Each structure stands twice: as C-alpha cells, then as structure tokens.
Amino acid sequence: MGVHGLTTYVEGNRNFLKDVKFRDSRLIIDGCSLYFRLYFTHCLDQSHGGDYDAFACLLTQFLSALEACNIQPYVVLDGGMDPSDKKFTTLRHRLQSKIKEADNLSHGRNGCVLPILTRKVFIQVLMQRGVPLVQCPAEADWEIACLAHQWKCPVLTNDSDFYIFDLPGGYLPHHFFQWANLNGKASNRYISARCYTTNGLCKHFGGMNQELLPLCAVLAGNDYGTPKDAETLLALLDVNTLGRGGGKGKGPNSRIEGLLLWLSSFSSPAEALEEVSRLMGDEGGRGKRGQKGGLSSQLLSGMQEYHITSPSSLARWFSGGKVAPGGHTSGLAQFPEWLSQAAAQGLLSPLVVDALVMRRVLLFPQVENSKLSSSHCSARTIRQGIYGVLQRGGQDNVGLGGSAQQRRGAGGAVQAQAIRVQENTSKGMRGDGGRRCHSGGGRGQGIHLPKQQGSSIERAAGEDSVHAPGSTDPISVEEYDRLELNIKKNQVEAHPPRTPICLDTLGQAPVAVRRNILLDVLEVRETSLSAVPLHLRLAVAVTSFWLRAAIPTPSQHHLQALVLGLVYGENNQPAATHYQYAVSQINWAAERSVWSRLYQQRARPGERRGLDIGVAHSFSQWQACLWSALCFNQLLLLPLPEPQLSWLFSGTLVHGLLRYLKGGGDAESLLAGGSLSGQLYSSLLDAVKNCSSKAHTSSSAAGRGRRGKGRGRRGRGGGGRGARGGGQGIEEINRFSLLMKEESSNDDW
C-alpha cells in the first residue's frame, strides 16, 4: 500500500518522530522493503545484472548488527497478488515504470531496477542465518501490523501505511535506522533510530481521535486508489488552504495537513462520514443519483484495510504452529497443505502462487536491449512446464482450471472442483513448442479430461491444448511482459508433464520422477550431470538450456565467462572442498591467487567504456532462465539441490571476464596454478557441452529440438541487433578432459 505524500509530511516534522536507542527487543521487518532499501541505498550494481555476492555480504552485516544489539528480527514477505484485484492497476503502472527505468539504465541514464534474483538471495541468506521468516499469501502490510500490535514491538519498513496503523511499539522508518553505526559499549550496543506512533501525530492535532487516521489515508489516496467522488469532496473542502500555511502552499503535504486539520474537528469516524454524506448529498448511503454505495460507504470500506484484528496468525506461525497464515483473504485456502506450507516458508515463488490463484503473472524487467524480445521469452518453455504441473488438479482442486469468477471471486477463494486426469496410451506427441515470445504453442499429450458439470473437457491425442471446465479456451496463464517499451499481455498455454503427476499428491511422488519432469523441460539428460557437483547441477542444466534458447545465440566467450564466474564463487566460499577431485594436495595459496585474478576483471563503476547492451541482453536471458527454473524446482519440492545464488552470478564480474576474453585473454591464464579451480572449470564447461549435445535419447527432447531447429540463426556468433563483437558458436568449444572423480547419477541427488 502507501499513502501519497504522508512520508514527506511526517519526516519533515521532527515533532512526530522520537529519538530512541534501540536494543533488546523483537523487531518485525517488512522483508520486501528491507531488500529494496539495502540494494538501492548502497549503490550496488544494477546495469550489469546485479552483484549478488555484495548484496549477501551487506545483508549479513545488517543481521550481525541486530544480533550485536540483542535484537531478534522476524521477517515478513509479500506473496502473490491481492486476489481481489483491487491493486492490479497500480501493479501495472509500476511495471510500466520499471520497463522505462530499465531502458534508461541500459543507456547510461538514471533508474532503479532490482536485479531479478535479489529476493531469492535474500531468502537464502535469512535461512542460512536462522532468521524467522514467513511469506504471506498476498500483500503483507496488514499481517505485519496485526503481529506488531499483538507483540507490542516496532516495525522496520519505509511504507507510509504504517503512519496510519495504530502500533503500540511504533514504526521505525528505514531512513532513520542507523544500523551501520552501532553505539554504546560492547555489552550494551544499540542502534540509533527514530520512532513514530500515531499517538504523537494525533496529539499534535489537538488530541485527534486515532480512528480518524484511516479516513485521512483513503481520502489522501493510497495504492488501492481514492474513490472518484473523493476529488469532488476535497475540492469542496479546499484542503490545500487548510494547512498551517494559511493557503500559501499547495501539493501533497498541504493536502495531508489540511485533511488532518479538518478531521481533527470530529469526535469519531461516524461523525466525519456523516458530514461527508451531507456534503456529497448521499444521505442514507446512496449517491446523488440514488445508486447504492455512496462515497461514505466507499470510504468506510477502504478504512477497513487499516483495521487490526487479534490474535495474529503470524504469531502462531512464529511460535511453531503448523498452520500457514491466511491473511485477509487467501486463494491458497483450498489447495494442498504442502503448497501452503512451502509458500509460507518462502520456498514457493510468488510467480507460482499467482499462476495458481490468479492465472496471471507479472514478469519484471531487466536491463537489456529493449529493441529485442524480452529476456523472459527465452524461458517461456520452463514457465509452461510450471503451469502444466499446476493445472493437474486432484479431487479437491482444479489447479489452473475453472472460470475467472471462480478463481478471482470475492475474497479470492478458489472454488473446488473434481477433475480426474487420465493418461491415454499414446504419449510423447507434440505440437508447436512456441519458444518464440508471442506465439501460443501447444503440446499434444494424449490426455483426456472427463466431463465436468455438464461440459465436455477433453484433449484428444495430438491436439494442441487443454480446455478449462465449461470453456472451449485452452488452459493458459496471462503473462504481462515487455514488448519494446510497453507492457504486452500474452496468453501462455500450460504444458502438462509427460509423466502423470497430481498436484495434491506431488509430495508423495519419488524424487526421481520429479527430477525427470524438470530435466525433461530443460532438455537435459541426467547422465550428463553425473560429474557435476550436486549443488551446481541445476545451474549447469540451465546454462545448457540457455545456450539453445537465447536469441542471439551466446558465443563461446559468453559461456566461458559464466563458468569462470561459477569458479570464482566456489573459490570464495569457506567450504570449497564439498566436491571431490582426484587431487592429492591442494595449494590454497595458488587458489587464492586465482580468485584474486578473477576478481580483478570486474567491471568498475565510472569506467569510460559504457555498458555493452548486447552482453547485458544475453546474460539477462540466462538469469531469466535460471529464475524460472528455480521456481519450477521449488514447485517440484527441490528434486535438484538449490544452488547458493549469492556466489553463482556476479554481473560486473562476468561482464568484465567476457571483455577480457574478447580482448584476447584466455581462461587458462586466469586459472594458472590453481589445480582445483582449473579442474572445476574444465568439468563444468565439458558438462554444459554434454548437456547441449544433440544426441538426446528422450522423444520429448528430440521433438523440442526439431521445433527449435534453425531458430535464431541471425544471432550466431554474437550477431544480431544489440550484440557487439563476435565469437565462435558453442559447437566449437574445445573439449576438456573430465578430471573429477565419477559420482553416482542416482544416489547422490
């Protein structure tokens, strides 16, 4: 949410904020607000795709500062979109704004675009540090407020809605939370901060009733929007002239102050709403034309967003309860328990939740070439696999089936239906895969769906679509993505997996079955990954997929830079020996020298040479593929170990390494003397090539390979619009011997 102009007004008046020495307390943290704040205020890289290692270090320092002051953090994250759709217009406007900002960054201008894997890195670091975490079904503000009210502890955020919620422990704005400069003696460390309470604000306005503050928020305009007739009311009140300045100023600050002054003359919200009805001529709850639900009724409805209830479902969750928080409304209410639990633990991406509940997802932009297709287009097949698993409902739910009204009804509850999926004996039949961004695509699976509620819903062998109950339309998800500098809505069809699997019983499926579903979509043979360290197998599989899906086709230098980045990340981790090598002795001094040489290749801020937009576009496609694959892996309950993302990719590093390689440098020089690093590099590079081999044994891989034949030929060698420089195709990568000890492809997953 957010109230327009309220933050500037409150922070501009020192009387509303009290200086505190914060320590020895619980602290509820708005997680999304925190990772945005940390990333943007510390000038971390955006243009090159993000430096996740630097972000992870910064977050670790923040958590260490809390620990030093005996502050126990509880992190609450937003989940999917509000099922009521009240905020969708605002979300679309924000997406459009970020598209423009990403384009600005690509041309060296100002902008703020969060790198796509930041949230996942944030969650991983919190879990590694043992910080209590919960992901709400939708927006988290109300849940945070209820928990803070029950625990009587402060909230750390920068959301202006918390100037409205009545919180006994107060609200600590990020701007005044000086965590990087601890004060006090070692045994009594504290963080200097400033605390806000509604009591202080209301006291400033003559002891105004705190229950009137929500009415001020709705009239001033929050992210859910101000009722249209409210503008007429504000004009009648002429609130800009009611401020302390006696009409000398106009704008959000004067409006906020004018509203508060006007509201301070009433003893209760009921009295204020009665005056609204009188001014607008809608006594009796009817508008001027006699329609039901006049302005006062609309305002009262908006005020309910700030009504705190007790006890908080988050309090039960953090105390060890097994019940996932439901919030105001939850579209996950009637879905499998494992799904709700995974989402609450932060182990299920909001993309999956939105696809399941809303059948709609927003794909957030990256810094790339806006004249080319969105980087998310390269990963469309992976997302179609996600949608295919979600639509395979069981006895008690419909997955992605059902009408829009059933999926997005009042309160967002998803109505249960029974859909029993049966497999036809004919399998492996394929339609057009539709890797291109704006094509529909479909896959014939020989699946038949029985009749439901009098409607025939079947999919004959060889047909290209699955049909929703009561509809002739194929089951699909609305994806909102970038097309040049505008938002484009695409209907993307679900691709059910070849192996029958039911959403209700997904957790009971063998790991090998779930892993094969993922690898089938990535078009990778399991045996090709046998020599890869367990925690890097997903990254290698994704890289292989990216080499085939990206347009223009990545060059050998692109791949080498990525793999060198992986080696750097492994070398930088304390326990770098969790993979096995046939090396009798490891020279750690030499390995540190390798790390130092790799680090020195980073692109530096302020360099005269600007961003190579072609390189940025290619690596953005790799991140899009990895992001979608991580979402799919989570939905399948992690059949592949999740890599430590903070050391998997560093944008400034891979951009610098690619520039080094294209300038005539070679990887062997960077790896000289580091036997461990050199062998890891050789093994990963060879494994990617093996995964990318055309000799796929499965019919599904062969079918998809035929669909992709000839695609993107203009981009070979790094050509095509937006690419700079040349380079050999992936087919020309030198072979490297596998020096790593063989690992079992079945027992070590």
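Model, not experiment: these values are computed from the prediction. (Residues numbered from 1 in each chain as written. Predicted model: local features only at pLDDT ≥ 70, side-chain atom pairs only at ≥ 80, totals over all residues. Heavy atoms only, no water.)

J.: What is the right way to look at the overall build of the chain in this model?
T.: In terms of helices and strands, the chain carries 26 helices and 12 strands. By the burial criterion, 58% of the 749 residues in the chain qualify as buried. Summarising the internal contacts of the chain: among those between residues at least 6 apart in sequence, 74% fall at separations of at least 24. Put simply, the chain shows about 29,700 Å² of open surface, and 48% of that area lies on carbon and sulfur atoms. (Helix = DSSP H or I, 4+ residues; strand = E, 2+ residues; numbered from the N terminus. Buried < 20%, exposed > 50% of the residue type's maximum accessible area, 1.4 Å probe, protein only. Contact = heavy atoms within 4.5 Å. Areas by Shrake-Rupley, 256 points an atom, 1.4 Å probe, with all protein chains shown as cover.)

J.: Which parts of the structure should I look at to understand the environment of Trp647?
T.: With respect to the helices and strands, Trp647 occurs in the loop between α22 (613-635) and α23 (651-662). On the basis of relative accessibility, which here comes to 16%, the residue Trp647 falls in the buried class. Spatially, the C-alpha atom of Trp647 lies 4.3 Å from that of Gly569, the residues being 78 residues apart in sequence. When sequence neighbours within four positions are dropped, the list of residues in contact with Trp647 reads Asp53, Cys57, Gly565, Gly569, Asn572 and Gln573.

J.: What is the right way to look at the side chain of Thr198 in this model?
T.: Relative to the assigned elements, Thr198 resides in helix α7 (residues 198-204). The buried category is assigned to Thr198, whose relative accessible area is 2%.

J.: Sorry, what's going on with helix α21 (residues 588-599) here?
T.: Within an α-helix, residues lying three or four positions from one another point in the same direction, as the helix has 3.6 residues per turn. The first and last C-alpha atoms of α21 sit 16 Å apart over 12 residues, in line with the 16 Å expected at 1.5 Å per residue. Buried residues of α21: Ala590, Glu591, Val594 and Leu598, and no others. Projection of α21 onto a plane perpendicular to its axis shows the buried side chains occupying an angular sector of 105°, all on one side. Buried residues belonging to α21 abut α20 (556-571), α23, α24 (667-671) and α25 (675-691). (Expected span 1.5 Å × (residues − 1). Arc of directions from axis to C-beta.)

J.: How do you make sense of the pairing of strand β12 (residues 486-493) when you look at a structure like this?
T.: Walk down a regular strand and you will see the side chains alternate between the two sheet faces. Where strand β11 (residues 476-483) meets β12, 8 bridges bridge the pair, whose relative direction is antiparallel. By the bridge assignment, Leu483 is partnered in β12 with Asn486. With antiparallel pairing between neighbouring strands as the criterion, β11 and β12 make up a hairpin whose turn holds 2 residues, including Glu484 at a positive phi of roughly 55°. (Pairing = 2+ DSSP bridges.)

J.: Would you mind showing me how to read the packing of aromatic side chains here?
T.: Here the distance between the centres and the angle between the planes together describe a pair of aromatic rings. Tallying each qualifying case throughout the model produces 25 aromatic pairs. Geometrically, the ring pair formed by Tyr74 and Phe318 is edge-to-face, given 5.1 Å between the ring centres and 65° between the ring planes. A residue pair is termed long-range when its members are at least 10 positions apart, and Tyr74 in strand β3 (residues 71-77) and Phe318 in helix α13 (residues 313-318) qualify at 244 residues. Each member of the pair Tyr74 and Phe318 is classed as buried. (Phe/Tyr/Trp six-rings, centres within 6.5 Å; stacked < 30°, edge-to-face > 60°.)

J.: For this particular structure, what's the right way to read the layout of surface pockets?
T.: A probe matching the size of a water molecule, rolled over the atoms, marks out where space remains unfilled. Looking at the second largest pocket, its volume works out to about 960 Å³. Lining the second largest pocket are 36 residues, and of these Asp45, Ser47, His48, Arg604 and Pro605 lie nearest its centre. In terms of residue count, the dominant contributor to the lining of the second largest pocket is α23 (6 residues). A per-class count over the lining of the second largest pocket returns 12 nonpolar, 13 polar and 11 charged. (1 Å grid on protein atoms, 1.4 Å probe; cavity = no way out; pocket = protein on both sides within 12 Å on 5 of 7 lines; lining within 4 Å. Points joined across faces, edges and corners; volume = space filled by probe spheres on them. Nonpolar A, V, L, I, M, F, W, Y, C, P; charged D, E, K, R; others polar.)

J.: I'm lost on the sheet that holds strand β8 (residues 360-362) in this one. Help?
T.: Strand pairs in the sheet, formed through backbone hydrogen bonds, run parallel or antiparallel to each other. Spatial strand order, β8-β11-β12: 3 strands in an open sheet with mixed pairing. On the outer flanks of this sheet lie β8 and β12, each paired with one strand and no other. On average, adjacent strands in this sheet sit at an angle of 25° to one another, irrespective of strand direction. (Axes fitted to C-alpha atoms, helices over the stretch in contact; angles between N-to-C directions.)

J.: How do you make sense of helix α12 (residues 295-303) when you look at a structure like this?
T.: Listed in full, the buried residues belonging to α12 are Leu295, Ser296, Leu299, Gly302 and Met303. Buried residues along α12 cover an arc of 120° about the axis, so they all sit on one side.

J.: Sorry, what's going on with the nonpolar core here?
T.: In a soluble, globular protein the nonpolar side chains are often hidden away together inside. By size, the foremost hydrophobic cluster in this structure holds 128 residues, and its most contacted members are Phe177, Phe632 and Leu635. Ranked by residue count, the leading element in this core is α22, at 11 residues. Once residues lying within four places of it in the same chain are set aside, the contact partners of Leu635 are Trp338, Leu339, Leu348, Val352, Ile386, Val389, Leu390, Leu503 and Leu506. (Core = buried A, V, L, I, M, F, W, Y, C linked by side-chain atoms within 4.5 Å.)

J.: Sorry if this is basic, but what is going on with the pattern of salt bridges here?
T.: Should their charged atoms come close, side chains of opposite charge can pair. The tally for this structure, following the rule as stated, stands at 19 salt bridges. As a salt-bridge pair, Asp24 and Arg23 come within 2.1 Å of each other at their nearest N and O atoms. Here Arg23 falls in the partly exposed class, since its relative accessible area comes to 26%. The shortest N-O distance in the salt bridge between Glu526 and Arg515 comes to 3.3 Å. Residue Glu526 is located in the loop between α18 (511-522) and α19 (537-549), and its partner Arg515 is located in helix α18; the two are separated by 11 residues in the primary sequence. Of the two residues, Glu526 and Arg515, neither departs from the other in class, the shared state being buried. It is possible to trace a salt-bridge network through shared partners that takes in Arg14, Asp19 and Arg194. (Salt bridge = Lys/Arg side-chain N within 4 Å of Asp/Glu carboxyl O.)

J.: Looking at this structure, how should I read the packing of α19 against α25?
T.: Helix packing geometry: the angle between the two helix axes and the distance between the axes. Two elements in contact, α19 and α25, have axes separated by 9 Å at closest approach and are oriented at 55°. What the angle tells us is that α19 and α25 run oblique. Pair α19 / α25 crosses with right-handed handedness. Between α19 and α25, the contacting residues are Val540, Thr543, Ser544, Leu547 and Arg548 on the first element and Leu684, Ala687, Val688 and Cys691 on the second. Residue composition of the contact of α19 with α25, by class: 6 nonpolar, 2 polar and 1 charged. (Parallel < 35°, antiparallel > 145°, perpendicular 65-115°, else oblique. Left-handed = near helix turned anticlockwise from the far one by under 90°.)

J.: Honestly, the pairing of β3 in this entry has me stumped. Any pointers?
T.: The element β3 is extensively covered by neighbouring structure, given that 6 of its 7 residues are classed as buried. Sheet topology places β3 next to strand β4 (residues 133-135); 3 bridges connect them, and they run parallel. Opposite Leu77, over in β4, you have Gln135 as the bridge partner.

J.: Just checking my understanding: could you explain unusual backbone geometry for this structure?
T.: Residues other than glycine predominantly adopt negative phi, and peptide bonds predominantly adopt the trans conformation. The peptide bond linking Ser310 to Pro311 adopts the cis configuration, its omega dihedral lying at 0°. Structurally, the position occupied by Pro311 is in the loop between α12 and α13. The omega torsion across Ile551 and Pro552 is 0°, close enough to zero to call that bond cis. Mapped onto the secondary structure, Pro552 falls in the loop between α19 and α20. Within the chain, Arg359 stands out as a residue other than glycine whose phi angle is a positive 55°. Of note, Arg359 is situated in the loop between α15 (350-357) and β8.

J.: Can you help me understand the confidence of the model for the chain in this one?
T.: It should be kept in mind that the predicted coordinates are not to be read in detail where pLDDT is low. Summing up the model confidence of the chain, the mean pLDDT is 79 and the portion of residues at 70 or higher is 73%. In the predicted structure, residues 284-292 sits below a pLDDT of 50 and forms 14 contacts with residues beyond four places in sequence or in another chain. Below pLDDT 50 for its whole length, residues 394-398 participates in 24 contacts with residues either more than four positions away or in separate chains. (pLDDT = per-residue confidence, 0-100.)

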